[in-house]
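# An overview of the molecular structure
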Amino acid sequence: MIERIQDTTSIVIAGHRGYKSAYPENTLLAFKEALELGVDMLEFDLRFSKDRVIMVIHDETVDRTTNGTGLVSDHTLAELKQLDAGGWFGKPFEGLRIPTFEELCELLKSYPDVLLNVEVKSSKQAKEIADAAVAMLNEYGLLPRCVFTCFDADIIAYFHDTHQVRTQGFPGEVMSNFVPGENGTYSKMWAVAFHMAGMTPKLVEDFRGQGLQVWCYCPDNEQQVHHALGCGVTVMTCNDPVPAMELRRRIQAP
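These lines cover the structure that appears in this document, whether it is placed above or below.

Calculation rules
- Residues numbered from 1 in each chain as written.
- Predicted model: local features only at pLDDT ≥ 70, side-chain atom pairs only at ≥ 80, totals over all residues.
- Heavy atoms only, no water.
- Buried < 20%, exposed > 50% of the residue type's maximum accessible area, 1.4 Å probe, protein only.
- Helix = DSSP H or I, 4+ residues; strand = E, 2+ residues; numbered from the N terminus.
- Pairing = 2+ DSSP bridges.
- Salt bridge = Lys/Arg side-chain N within 4 Å of Asp/Glu carboxyl O.
- Contact = heavy atoms within 4.5 Å.
- Polar contact = N/O pair within 3.5 Å; in protein donor to acceptor, adjacent residues only side chain to side chain.

## What to know about the pairing of strand 9 (residues 235–238)
The side-chain alternation of strand 9 yields two buried faces, one formed by Val235 and Thr237 and the other by Met236 and Cys238. Bridge count for strand 1 (residues 12–16) against strand 9 is four bridges, and the pairing is parallel. Paired with valine 12 across the bridge in strand 9 is valine 235. By the bridge criterion, two bridges tie strand 8 (residues 213–217) to strand 9 in an arrangement that is parallel. If you follow cysteine 216 over to strand 9, its bridge partner there is methionine 236.

As structure tokens, this is what we get:
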């Protein structure tokens, strides 16, 4: 299914960590609100708990997005589930929890057309997380909808070589363990994503010339969406999907 957006000229909108601008990121509420808004894809982040349960959380520590402290990997599932993952964003969201990956997969059963950008965060356990995530996605029948992302080029290569799945990386200068050359990291990538600040039409053209899909993150206002389109990029990962969705509606209006 993920191949349906290959070389697309249509605007494709992914919710970054769900609907990150309006709800606490990487919570089931943020994902559900993004899905109800009508995003085409969800982007989210995976890490292991201490007892090797796959959790959906961005940071290496729980400090920023919960009322706890310390490394995610130093907390068991039971301990992580005691933390408030919503109150930091505002009082109405107090009591939200860090979701397990399995809980997110259960939610996705009701949205059979939504694509998934699965980011495994760089860590010593990243390959184990990759294996466990692919197995769970396969069990839920979600694997054909997925592209797999990491800032560690070694993990990109691992996904490509071990699991034969589509991968999305980044320009080499922002990746760790990047391997240049004909058979290097870019040869393991299906798509490359640019931050808005560094994206130009020429760079987009150069990477397309290497046979890569070119995406961007995070165009969060109408001016940024227009810039992405002006560079020739139509697949957008957004903290706030609304400006891109509204512009798409206007473009598609009869």
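Having seen the structure, we can now continue with the description.
## With respect to the pattern of salt bridges
Counted under the stated rule, the structure contains 16 salt bridges. The closest approach of N and O atoms between aspartate 45 and arginine 17, which form a salt bridge, is 3.9 Å. Of this pair, aspartate 45 sits in strand 2 (residues 41–48) while arginine 17 sits in the loop between strand 1 and helix 1 (28–37), and the two are 28 residues apart along the sequence. Look at arginine 17 and you get buried, because its relative accessible area is 10%. As a salt-bridge pair, lysine 202 and aspartate 206 come within 2.9 Å of each other at their nearest N and O atoms. Remark: aspartate 206 and lysine 202 occur in helix 7 (residues 201–209); sequence separation between them is four residues, near one turn of the helix. On the basis of relative accessible area, lysine 202 is assigned to the exposed category, the value being 55%. Judged by relative accessible area, which is 34%, aspartate 206 ranks as partly exposed. The network of salt bridges with common partners includes Arg17, Glu25, Asp45, Asp59, Arg64, Glu119 and Lys121.

## Section: the environment of asparagine 26
Looking at the secondary structure, you find asparagine 26 in the loop between strand 1 and helix 1. Residues asparagine 26 and histidine 16, 10 residues apart in the sequence, show an inter-C-alpha distance of 8.6 Å. The contacts of asparagine 26, once residues within four sequence positions are left out, are Arg17, Phe31, Phe44, Asp45, Val56, Ile57, His58 and Pro99. A polar contact of 3.0 Å, which involves the side chain of asparagine 26, links it to the side chain of aspartate 45.

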